[in-house]
Amino acid sequence: MHTPVLLDQVMIALEIKKDGLYVDATFGEGGYSQAIVNAGGKVLALDLDQSQISNSQLSMSDLKLVEGNFGDIEKIAKENSFYPVDGVVFDLGLSMRQINQSGRGFSFKRLNEPLDMRMSLKTEMTAKYLLNHLSEAELYEVFAKNSEEINSQKIAREIVVRRSFKKLEIVGNLINCIDHAIGEPDNNVYKRIFQALRIQVNEEFKNLKKGLDGAAKIIKNDGKIAIVTFHSLEDRIVKNFSRSQGLKLLDKKPIMNRRGRNFEKSAKLRLIGKKII
Ligand SMILES: C[S@@+](CC[C@H](N)C(=O)[O-])C[C@H]1O[C@@H](n2cnc3c(N)ncnc32)[C@H](O)[C@@H]1O
C-alpha cells in the first residue's frame, strides 16, 4: 500500500467514525481511501487522472472510485447520493506514479518525455502549447504567478527567442532554455518552472477554490475538511478560503511534516470546519 505524507496526522484530524461518509478528493494510489475504509468509514474517491483509477488494485465494498475533478465535488457527491459527509480530504499535487511512470513530462529529470503535463488526457491544454504559443508577457505571468520564480522574465524571453528557431517539444528543450537564461543548471528553478506550467495546464488554483467551496457545502455541521498542500501558494488559497463565511481553521498553525525527502518536508496539513453558531 502507498503511504502518503501526513497519513497518520490526517487520520487523527478526521476522527474517522464507523460507517461515517468521507470523500477522498485526490485518490492517487489510494493510501487515504484504504486507511479510512480500514478505520470503518465509507469512501467516495475521485481522481482527475483516469489512469490512477484504472491502475488501482483496491477492491473494497466500502470504496467507490469515480473519475472526476474535485472542482465538481458537490455535483459528484450528490449524483452518487453520498452526502452530507463527515469529512473530505485533499492531498494536492501529483503521485510518484504520475511523476515516474506517466510519460507526460512532469519531471525535469525525464529529458525525453513530451511537454504534456496534463493530469487528465481529456484536458485540451498542454505545456507544449503554452510554451510555443503564449507571448513573452503571458509566459512571464504564468511563471511569476504560479511559482514566484525570480528568473521568470529571463526564462520567458529565452523561450520566445529559442522557439523562433525550433518549437519546444520535449523536457530537455525547456531545460536548455532555463539553463541558457540563468547561466547554470539549478534544480530549484527547474522545479518552480515545471510547477508553474503544471498549475496552468491543469487550472489547479481554480479547481482548488471550487473544490474547497464544494466540500464546505457537502460536509455536516461537525464535518471536517483536511487539506495537505505542498507549496505556499496553495496554502495561501486554503487559508484565505477558511475565512469564508461560516468556516474556520480548526488549528491555528498548520501541521507540518518533519521527515522524508524535500518535497515531503514541504507538506502542510490544514483542517477546516464550520463555525458553530
Ligand atoms: C498527491 S496525489 C494523492 C496521493 C494519495 N493521497 C495516495 O494516497 O496515493 C494527488 C492526486 O490528486 C489527483 N488530482 C489532482 N488534481 C485533481 C483534481 N482537480 N480533481 C481530482 N483529482 C485531482 C492527481 O491526479 C493525483 O492522483
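Remember, predicted model here, so these are calculated numbers, not experimental data.

### Looking at the domain arrangement of the protein
Domain annotation for the protein reports domain 1 (7–97 + 204–274) and domain 2 (124–201). The gap between the C-alpha centroids of domain 1 and domain 2 is 30 Å. Facing seven residues of domain 1, the contacting portion of domain 2 comprises seven residues. Contact with domain 2 buries area across many residues of domain 1, yet E204, F205 and L233 alone supply 60% of it, more than any other trio. Across the contact surface, domain 1 and domain 2 share two salt bridges. In this structure, E148 and R236 form a salt bridge, with 3.6 Å as the shortest nitrogen-oxygen distance. At the junction of domain 1 and domain 2, the tally comes to two residue pairs in polar contact (both at pLDDT 80 or more). For the side of domain 1 that touches domain 2, the secondary structure elements donating two or more residues are α11 (204–218) and α12 (232–242). Of the residues contributing to the side of domain 1 that touches domain 2, the split by class is three nonpolar, two polar and two charged.

### Describing the packing of α11 against α12
At a minimum axis distance of 11 Å, the contact between α11 and α12 shows a crossing angle of 30°. Relative to α12, the element α11 is oriented roughly parallel. The interaxial crossing formed by α11 with α12 has right-handed handedness. Residues E204, F205, L208, K209, L212, D213 and A216 of α11 lie in contact with α12, whose contacting residues are L233, E234, I237, V238 and F241.

### With respect to the site of the ligand
Taken together, 25 residues sit near the ligand, with E29, G31, D47, F70 and D91 positioned nearest. Side-chain polar atom of Q52 to an oxygen atom of the ligand: 2.9 Å apart, as the coordinates give it. Residue N69 places a side-chain N or O atom 2.9 Å away from a nitrogen atom belonging to the ligand. Compared with its free state, where it exposes 600 Å², the ligand has 97% of that area covered by protein. Residue composition of the shell around the ligand, by class: nine nonpolar, 12 polar and four charged.

Conventions adopted
Along each chain, the written sequence defines residue order, and numbers are assigned to residues from 1. Given that the model is predicted, a residue must reach a pLDDT of at least 70 before its local features are reported, and side-chain atom pairs must reach 80 or more before they are shown or counted; all residues, however, enter totals for whole chains, interfaces and linings. Excluded from the side-chain calculation are hydrogens and water; included are all heavy atoms of the structure. Where each domain starts and ends comes from a domain assignment, either automatic or drawn from a database. Contacts: residue pairs with any heavy atoms within 4.5 Å of one another. Defined in terms of a 1.4 Å probe, buried area is the accessible area two parts forfeit on being brought together, summed over both. A pair is scored as a salt bridge if a Lys or Arg side-chain nitrogen falls within 4 Å of a carboxyl oxygen belonging to Asp or Glu. Polar contact criterion, stated in full: a pair of N or O atoms within 3.5 Å, where within protein one must be able to donate a hydrogen and the other to accept it, and residues adjacent in sequence count only if both atoms are side-chain atoms. A run of H or I in DSSP becomes a helix once it reaches four residues, and a run of E becomes a strand once it reaches two; helices and strands are each numbered from the N terminus. Classification used: nonpolar for Ala, Val, Leu, Ile, Met, Phe, Trp, Tyr, Cys and Pro, charged for Asp, Glu, Lys and Arg, polar for all others including Gly. Angles run from 0 to 180 degrees between N-to-C directions of axes, and those axes are lines fitted to C-alpha atoms, restricted for helices to the stretch in contact. Relative orientations are named as follows: roughly parallel for angles under 35 degrees, roughly antiparallel for angles over 145 degrees, roughly perpendicular for angles from 65 to 115 degrees, and oblique for any other angle. We call a crossing left-handed when the near helix sits turned anticlockwise from the far one by less than a right angle, and right-handed when that turn is clockwise. The rule for a residue being near a molecule or strand is that one of its heavy atoms must lie within 4 Å of it. To be clear on the numbers: accessible area is Shrake-Rupley with a 1.4 Å probe, and residue cover counts the displayed protein chains and nothing else.

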